[in-house]
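An overview of the molecular structure
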Amino acid sequence: MKRTKTPWMKAEDFGRSLPPGLGVNLLVTDMAAMEAFCRDVLGARIIYADEDFAAIELLGSIFMLHADHSYLDNSMTGVIAGAETRGAGIELRLYGSDPDAVEKKAAALVHIVRAGSIDKPHGLRECYIVGPDGYVFVPSAQLQA
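Notes on the structure in this doc start here. Keep in mind it's a predicted model, so treat the numbers as computed, not measured.

What about the overall build of the protein?
Within the protein, the secondary structure is distributed over four helices and eight strands. The order of α-helices and β-strands along the protein, N terminus first, is α-β-α-β-β-β-α-β-α-β-β-β. For 145 residues, the compact-globule estimate of 2.2 N^0.38 gives 15 Å, and the protein sits close to it at 16 Å. Taken along its principal axes, the extent of the C-alpha atoms in the protein is 45 × 35 × 25 Å. Counting across all 145 residues of the protein, residues that qualify as buried make up 37%. Counted over contacts in the protein with a minimum sequence separation of 6, partners at least 24 positions apart contribute 55%. Per element, the accessible surface of the protein, about 8,500 Å² overall, is 55% carbon and sulfur. Between the averaged position of the 14 positive side-chain charges in the protein and that of its 19 negative side-chain charges there is a distance of 3 Å.

Printed below as a string of structure tokens:
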């Protein structure tokens with residue numbers, strides 16, 4: 001661990017506080033870059049962040065970031081070893097997020113816009129943004145009927 005400050009709560013207390021449902025944890029090479037992307041491009045609120053871990057609130061859900069070095073004794077270490085792009089084939093869909101606004105922020109901050117905002121036949125307007133470590137985020141808004 002590289003943590004230099006006291007966490008805002010004990011890990012076991014945070015784990016017990018998580019509500020039932022789907023959880024997302026992203027393993028990242030550069031914590032500061034991914035935190036900035038989540039905050040500045042996606043509009044997330046950083047609940048807590050340090051050199052090892054971050055808890056992030058986005059659109060009413062909480063997800064986590066863990067630095068690669070914090071997973072050295074975890075079975076996921078073998079999965080990420082040598083991987084240039086993480087989460088190949090996974091889309092992190094952000095329902096209720098304005099794709100046009102996110103696309104504009106991403107472009108202004110020189111992130112990859114894989115596909116610009118467009119109305120899709122499945123009733124959503126969406127775009128595809130590539131964040132640090134290659135994770136693909138898909139902000140999506142419902143189209144009016």
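Digging into the environment of Gly-96
Structurally, Gly-96 can be placed in the loop between strand E5 (91-95) and helix H4 (99-108). Assessed through its relative accessible area of 62%, Gly-96 is described here as exposed. Distance from Gly-96 to Ala-54, taken between C-alpha atoms, is 23 Å for residues 42 residues apart in sequence. Among all residues touching Gly-96, those that are not within four sequence positions of it are Leu-59 and Ser-140.

Digging into the packing of aromatic side chains
In total, this model carries five aromatic pairs according to the counting rule given. On the numbers, 5.7 Å between centres and 70 degrees between planes, the contact of Phe-14 with Phe-53 is edge-to-face. Separated by 39 residues along the polypeptide, Phe-14 in helix H1 (residues 11-17) and Phe-53 in strand E3 (residues 53-58) bring together distant segments of the chain. Take Phe-14: its relative accessible area is 7%, and that puts it in the buried class.

Cut-off values and rules
Residues numbered from 1 in each chain as written. Predicted model: local features only at pLDDT ≥ 70, side-chain atom pairs only at ≥ 80, totals over all residues. Heavy atoms only, no water. Helix = DSSP H or I, 4+ residues; strand = E, 2+ residues; numbered from the N terminus. Rg over C-alpha atoms; globule rule 2.2 N^0.38 Å. Buried < 20%, exposed > 50% of the residue type's maximum accessible area, 1.4 Å probe, protein only. Contact = heavy atoms within 4.5 Å. Areas by Shrake-Rupley, 256 points an atom, 1.4 Å probe, with all protein chains shown as cover. Lys, Arg positive; Asp, Glu negative; His and termini not counted. Charge placed at Lys NZ, Arg CZ, Asp CG, Glu CD. Phe/Tyr/Trp six-rings, centres within 6.5 Å; stacked < 30°, edge-to-face > 60°.

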